[in-house]
Amino acid sequence: ILSLLPKERIGEFITIEREGRIATLCFDRGDRVNALSVQLLRDLTAAARMLRDDVSSSAIVLTGGKAFTGGADLADPAIRQRAEASLLERREILRAGPDMCDAWEALDQVTIAAIEGFCIGGGVALAVACDFRVVARGAHFRLPEIPLGMNMSWHTQPRMVNLIGPSRAKQLTIFGEKVGAATAEQWGLADEICNDGAALETAHRWAGKVAALPPVAIRMAKRGITNAATALNAVSTFMDADQFALASTSEDHREAVAAFLEKRKPNFTGR
């Protein structure tokens, strides 16, 4: 029983439990939103880099708290300070998200995201950096960046194209609308739908299948398939943090945030 096993702790909100060749990483801030602060992004990166050197595991299950995550923590002081930072400092702060997703994609173990509740913004970016996604029936995905006047960054766009194709990736990214579990499965974004509350158990069933297979052959197969699918990803995303830095200074971004807070329809001008 996982709850009875010793836990490793990384930072304030991450725990890792092990059972045989399965490692389970939980990031849980203890609230309904489970938002991604800059420090949590860095801790998730550190955890992935630590696990990459772990030859005792073949599968890693990644799970959130009550919900997978509501995305970036807009109340995080580090994010608020970004607006006042120099361009050089802002670029460094903006590395936290893409570095985290890249670290999870770089793992040789098979990674399975167990998604309950909702998976928004940076949560989608993290989920598509994993190999598989097990999704609770009542969960949904959403990318709010474009309606808020920002671009979709964190090296995410080519991963979504690899996974669900260009048309679905455009629908998910541009419209910013909720994509429920059933639609996500139809698109190929969800690999299995399960009952609410059962995502972690179902993900462990997937992990158990991986753990029963030869570890070296698994790693070689995963790395070969991932490299074939993502060979050109870096050249198409190396500037997405700079694009984010530009878009977040636009009048349209300020208008989108103001309209959201004032509960009115935004008036975008392209400025």
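A brief look at the structure comes next. (Residues numbered from 1 in each chain as written. Predicted model: local features only at pLDDT ≥ 70, side-chain atom pairs only at ≥ 80, totals over all residues. Heavy atoms only, no water.)

1. Concerning the sheet that holds strand E6 (residues 118-120)
Strand order in the open sheet formed by three strands is E6-E8-E9, with mixed pairing between adjacent strands. Strands with a single pairing partner mark the edges of an open sheet, and in this sheet they are E6 and strand E9 (179-180). Two elements, strand E8 (residues 140-142) and E9, share two bridges in a ladder whose sense is antiparallel. When the sheet's bridge partners are listed, His140 is paired in E9 with Gly180. (Pairing = 2+ DSSP bridges. Helix = DSSP H or I, 4+ residues; strand = E, 2+ residues; numbered from the N terminus.)

2. A closer look at the sheet that holds strand E7 (residues 132-136)
Ordered in space as E1-E2-E3-E4-E5-E7-E10, the seven strands form an open sheet in which the pairing is mixed. On the outer flanks of this sheet lie strand E1 (7-10) and strand E10 (192-194), each paired with one strand and no other. Averaged over all adjacent pairs, the angle separating strand axes in this sheet is 20°, with direction ignored. Bridging between strand E2 (residues 14-19) and strand E3 (residues 22-27) involves six bridges; their strand directions are antiparallel. Residue pairing across strands places Glu19 opposite Ile22, the latter belonging to E3. (Axes fitted to C-alpha atoms, helices over the stretch in contact; angles between N-to-C directions.)

3. What about a nonpolar patch on the surface?
On the surface, a nonpolar cluster with roughly 280 Å² of combined accessible area is contributed by Ile146, Ile174 and Phe175. Structurally, Phe175 can be placed in helix H7 (residues 166-175). (Patch = residues over 30% accessible without salt bridge, like charges linked within 9 Å, V, L, I, M, F, W, Y side chains within 5 Å. Areas by Shrake-Rupley, 256 points an atom, 1.4 Å probe, with all protein chains shown as cover. Salt bridge = Lys/Arg side-chain N within 4 Å of Asp/Glu carboxyl O.)

4. Description of the nonpolar core
By size, the foremost hydrophobic cluster in this structure holds 51 residues, and its most contacted members are Leu25, Phe27, Leu44 and Trp104. No other element matches the seven residues that helix H1 (residues 38-52) contributes to this core. When near neighbours in sequence (up to four residues on either side) are disregarded, Leu25 contacts Ile14, Thr15, Ile16, Leu44, Ala47, Leu51, Val61, Leu62, Thr63 and Trp104. One finds Cys194, Ala199, Trp206 and Ala207 within the second-largest nonpolar core, a separate group that totals 15 residues. (Core = buried A, V, L, I, M, F, W, Y, C linked by side-chain atoms within 4.5 Å. Buried < 20%, exposed > 50% of the residue type's maximum accessible area, 1.4 Å probe, protein only. Contact = heavy atoms within 4.5 Å.)

5. Examining the packing of H1 against helix H4 (residues 96-105)
One can describe the packing of H1 onto H4 by two numbers: an axis separation of 8 Å at closest approach and a directional angle of 25°. Taken as axis vectors, H1 and H4 run roughly parallel relative to one another. The chirality of how H1 crosses H4 is left-handed. From H1, Val38, Leu41, Arg42, Leu44, Thr45, Ala48 and Arg49 reach across to H4, where they touch Ala96, Gly97, Asp99, Met100, Ala103 and Trp104. A per-class count over the contact of H1 with H4 returns eight nonpolar, two polar and three charged. (Parallel < 35°, antiparallel > 145°, perpendicular 65-115°, else oblique. Left-handed = near helix turned anticlockwise from the far one by under 90°. Nonpolar A, V, L, I, M, F, W, Y, C, P; charged D, E, K, R; others polar.)

6. Examining unusual backbone geometry
Although it is not a glycine, Trp154 sits at a positive phi angle of roughly 60°. Its location among the elements puts Trp154 in the loop between E8 and helix H6 (157-164). Look at Lys263: it is not a glycine, yet its phi comes out positive at around 55°. Turning to its location among the elements, Lys263 is positioned in the segment after helix H13 (251-262). The class of Lys263 is exposed, set by a relative accessible area of 77%.

7. Quick word on the packing of aromatic side chains
One pass over the full model with this rule turns up two aromatic pairs. For the ring pair Phe27 and Phe68, a centre distance of 5.4 Å and an interplane angle of 80° mean the geometry is edge-to-face. Placement of Phe27 in strand E3 and of Phe68 in the loop between strand E4 (59-63) and helix H2 (77-82) is noted, with a sequence separation of 41 residues between them. An angle of 50° between the planes, with centres 5.0 Å apart, marks the rings of Phe132 and Trp206 as tilted. (Phe/Tyr/Trp six-rings, centres within 6.5 Å; stacked < 30°, edge-to-face > 60°.)

8. A word on the pattern of salt bridges
On inspection of all chains with the given rule, the structure shows 14 salt bridges. A salt bridge links Arg223 to Asp108; its shortest N-O distance comes to 3.0 Å. A residue pair is termed long-range when its members are at least 10 positions apart, and Arg223 in helix H10 (residues 215-230) and Asp108 in the loop between H4 and strand E5 (110-115) qualify at 115 residues. Overlapping salt bridges bring together Glu8, Arg18 and Asp54 as one network.

9. What about H4?
Among the 10 residues that make up H4, eight are buried, leaving the element largely enclosed by the rest of the structure. Residues of H4 that are buried include every one of Ala96, Gly97, Pro98, Met100, Cys101, Ala103, Trp104 and Glu105, and no others.

10. Observations concerning the pairing of E3
Along E3, six of the six residues are buried, which leaves the element largely enclosed by surrounding structure. With burial as the criterion, each face of E3 is covered, one bearing Ile22, Thr24 and Cys26 and the other bearing Ala23, Leu25 and Phe27. The hairpin formed by E2 and E3 contains two residues between the paired strands, and Gly20 there has a positive phi angle of roughly 60°. Taken together, E3, H1 and E4 form a β-α-β motif whose crossover is right-handed. (Right-handed = clockwise from strand over helix to strand, strands pointing away.)

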